[in-house]
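The lines below spell out each chain.
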Amino acid sequence: MSKGVAVHWRLIPQRYNLIGTECKGCGQKFFPPRQLCPNCRRSGNITEITFSGEGKIYSYTLIHVPSEGLGFMKPYAIGIIRLDEGPLLTAQIVDCKPEDLAIGKRVNSVFRKVIVDGDSGIIRYGYKFKLTE
Amino acid sequence: MDVGIVGYGVYLPKYRIKVEEIARVWGDNAENIKKSLIIHEKTVPSLDEDTATIAVECARNAINHSQIDPQNIGAIYVGSESHPYIVKSTATIVAAATSAAPDLTAADYEFACKAGTAAIQATMGLVKSKMIRYGLAIGADTSQGKPGDILEYTASSGGGAYLIGRENLIAKILDTYSYTTDTPDFWRRENQEFPSHGSRFTGQPAYFKHVIAAAKGIMKRNDLTSDDFDYIVLHQPNGKFPLKVAKILDFDKEKIEKGLITPYIGNTYSGATLLGLAQILDEAVAGEKILAVSYGSGAGSDAFIIEVTEENEKKRNKKPLKDYINQKEYLDYALYAKFKGKIKGVNLERP
Ligand SMILES: [Zn+2]
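Residues numbered from 1 in each chain as written. Chains lettered and ligands numbered in written order. Predicted model: local features only at pLDDT ≥ 70, side-chain atom pairs only at ≥ 80, totals over all residues. Heavy atoms only, no water.

### Some details on the coordination of the zinc ion
For a metal with four tetrahedral donors the ideal donor-metal-donor angle is 109.5 degrees, while six octahedral donors give ideal angles of 90 or 180 degrees.
All names here are of chain A.
Okay, so step 1: Distances from the zinc ion to its protein donors, Cys23 (SG), Cys26 (SG), Cys37 (SG) and Cys40 (SG), fall within 2.3 Å.
Okay, so step 2: Of note, the zinc ion draws all its donor residues from one chain, in the sequence arrangement C-x2-C-x10-C-x2-C. One end of the pair, Cys23, is in strand β1 (residues 19–23); the other, Cys40, is in the loop between β2 (29–30) and β3 (46–50), and 17 residues separate them in sequence.
Okay, so step 3: Taking the relative accessible area as the measure of exposure, Cys23 reaches 0% and is therefore buried.
Okay, so step 4: For Cys40, a relative accessible area of 17% gives the class buried. (Donors = N, O, S within 2.8 Å, 3.2 Å for Na, K, Ca; no water. Helix = DSSP H or I, 4+ residues; strand = E, 2+ residues; numbered from the N terminus. Buried < 20%, exposed > 50% of the residue type's maximum accessible area, 1.4 Å probe, protein only.)

Structure, rendered in structure tokens:
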């Protein structure tokens, strides 16, 4: 039941607040955070940044055969989101009908339950996205 | 020294169910229920929403509205009767998800539907005594009505968050007063899925007695009458009770109607008074006075005298309650039962 609790705990800043990193050398932003800039290598200067959670649907797919723990949400959308600051990330897109989804539509991050570890485990919260109204 | 509201935020889930649809399933007369409770529809949380996610969304909206640095928040209290964990505080999740952690105190409050206003009182004390600069008080719930019970027509979900401070107030809180007795009108024991209520007992000796006593008490000690207020907002278990109380307290109907939102979103429990107040603040102008009175079964009421400042007009909330009320999608009873985990043999935690 407690499998992966430590990993989840370490990832809370990312999962709750979209905290990533930025290279002050070349300006590239990273999510998930990277500690070494692939462009600048050792001359890069990495700092923490919080992404706004605003972005666009870069691509998406409808999941009919759900991952473990997400069965009751099927069918659900998983999108690749292009954050306004640059990085791409993968997240569930919620509170929408499949026909409402389209590449290029604006989305923003929301705070949701991502996985619940059965009856007695922890509740893992984190970011998902919804269409911007 | 002034103490009051620096910013506020609201959140409602997107899904709704209509009274007609619930009545269809249980063979009730929808028109009678709509007329007797003054309720049209209620909010339903999505499968991945709970009190913590609602609390985080309204807390983020409150912080954005106030434009303060969340690191300056010294206390977060979350009032609810549907905290996701029995042991593990919802307030810690809010503190982390608003980037207010770790230099602050945090705790969960419980007092049926008035835990959110109790949280406001506690933060007022800490702010006024200068123990903290800002305090965040939240009331949020995903309430449960037993299938077929009259409460099923109203028990809904939503939340409101208030950032309390001393500077740049959008509204001053001039006074607060509470009225508390030991009254068993509504309760839920450990391991019970649904609350129980004393049926007829929930009206007169419970809601009416406490709300009226708190309202009269605070007006009396401030030497004010109903004429001195532009609005009154009350806890609203249905659309009817607040109208009755307003009449008894000699408030004009227009003064109560502005913050009466239960007919369109249901009873959001700990969120109800706070959301009604937000609905008023969304459009209130400088100098307007609001009397706000919550009610929590068990039982007690917290009353507040609130005076709107110019800052509220300069800094209008960009996520007003009406936007959340208008963004909606209807569910039928079958989907509603699934979303609320009411289908026998199905455990939402084990898909
Ligand atoms: Zn670089």
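Still more ground to cover, so stick around.
### Points about the pattern of salt bridges
Two side chains carrying opposite charge are able to pair once their charged atoms lie near each other.
Okay, so step 1: Tallied over the entire structure, the rule returns 23 salt bridges over all chains.
Okay, so step 2: The closest approach of N and O atoms between Asp302(B) and Lys114(B), which form a salt bridge, is 3.0 Å. Of this pair, Asp302(B) sits in strand β13 (residues 298–308) while Lys114(B) is found in the loop between β5 (105–109) and α5 (115–128), placing the two residues 188 residues apart along the sequence.
Okay, so step 3: Exposure remark for Asp302(B): the relative accessible area of 0% places this residue in the buried category.
Okay, so step 4: Exposure remark for Lys114(B): the relative accessible area of 5% places this residue in the buried category.
Okay, so step 5: Residue Glu283(B) is joined to Lys258(B) by a salt bridge in which the shortest nitrogen-to-oxygen separation is 2.6 Å. With Glu283(B) in the loop between α10 (272–281) and β12 (289–293) and Lys258(B) in the loop between α8 (253–257) and α9 (262–265), the pair connects residues that are 25 residues apart, well separated along the chain.
Okay, so step 6: With relative accessibility at 45%, the residue Glu283(B) sits in the partly exposed group.
Okay, so step 7: Taken together, the shared-partner salt bridges in this structure form one network comprising Asp95(A), Arg112(A), Lys128(A), Asp48(B) and Glu49(B). (Salt bridge = Lys/Arg side-chain N within 4 Å of Asp/Glu carboxyl O.)

### Comments concerning the side chain of Glu57(B)
Okay, so step 1: Structurally, Glu57(B) can be placed in helix α3 (residues 51–66).
Okay, so step 2: One buried charged residue, Glu57(B), forms no salt bridge at all, with the nearest opposite charge on Arg60(B) at 4.9 Å.
Okay, so step 3: For Glu57(B), the residues in contact, after removing those within four places along its chain, are Val110(A), Phe111(A) and Tyr11(B). (Lys, Arg positive; Asp, Glu negative; His and termini not counted. Contact = heavy atoms within 4.5 Å.)

### Focus on the sheet that holds strand β7 (residues 106–116) of chain A
Okay, so step 1: If you trace the five strands once around the closed barrel, you get β4-β5-β6-β8-β7 (chain A), paired in mixed fashion. Ignoring strand direction, the axes of neighbouring strands in this sheet form an average angle of 45 degrees.
Okay, so step 2: Here two bridges tie strand β6 (residues 88–94) of chain A to strand β8 (residues 123–131) of chain A, and the two strands are oriented parallel to one another. Looking at β8(A), one finds that Val94(A) is bridged to Lys130(A).
Okay, so step 3: Packed on one face of the sheet, α3(B) meets β7 and β8 of chain A and runs near 150 degrees to β7(A). (Pairing = 2+ DSSP bridges. Axes fitted to C-alpha atoms, helices over the stretch in contact; angles between N-to-C directions.)

### What about the domain arrangement of chain A?
Residues and elements named next belong to chain A.
Okay, so step 1: As assigned here, chain A comprises domain 1 (1–50) and domain 2 (52–133).
Okay, so step 2: The C-alpha-based centres of domain 1 and domain 2 are spaced at 20 Å.
Okay, so step 3: At the boundary of domain 1 with domain 2, total buried surface from both sides reaches about 1,200 Å², with 66% on carbon and sulfur atoms.
Okay, so step 4: At the boundary of domain 1 with domain 2, the tally comes to zero salt bridges.
Okay, so step 5: Our count for the contact surface shared by domain 1 and domain 2 stands at one residue pair in polar contact (both at pLDDT 80 or more). (Domains from an automatic or database assignment. Buried area = accessible area lost by both parts, 1.4 Å probe. Polar contact = N/O pair within 3.5 Å; in protein donor to acceptor, adjacent residues only side chain to side chain.)

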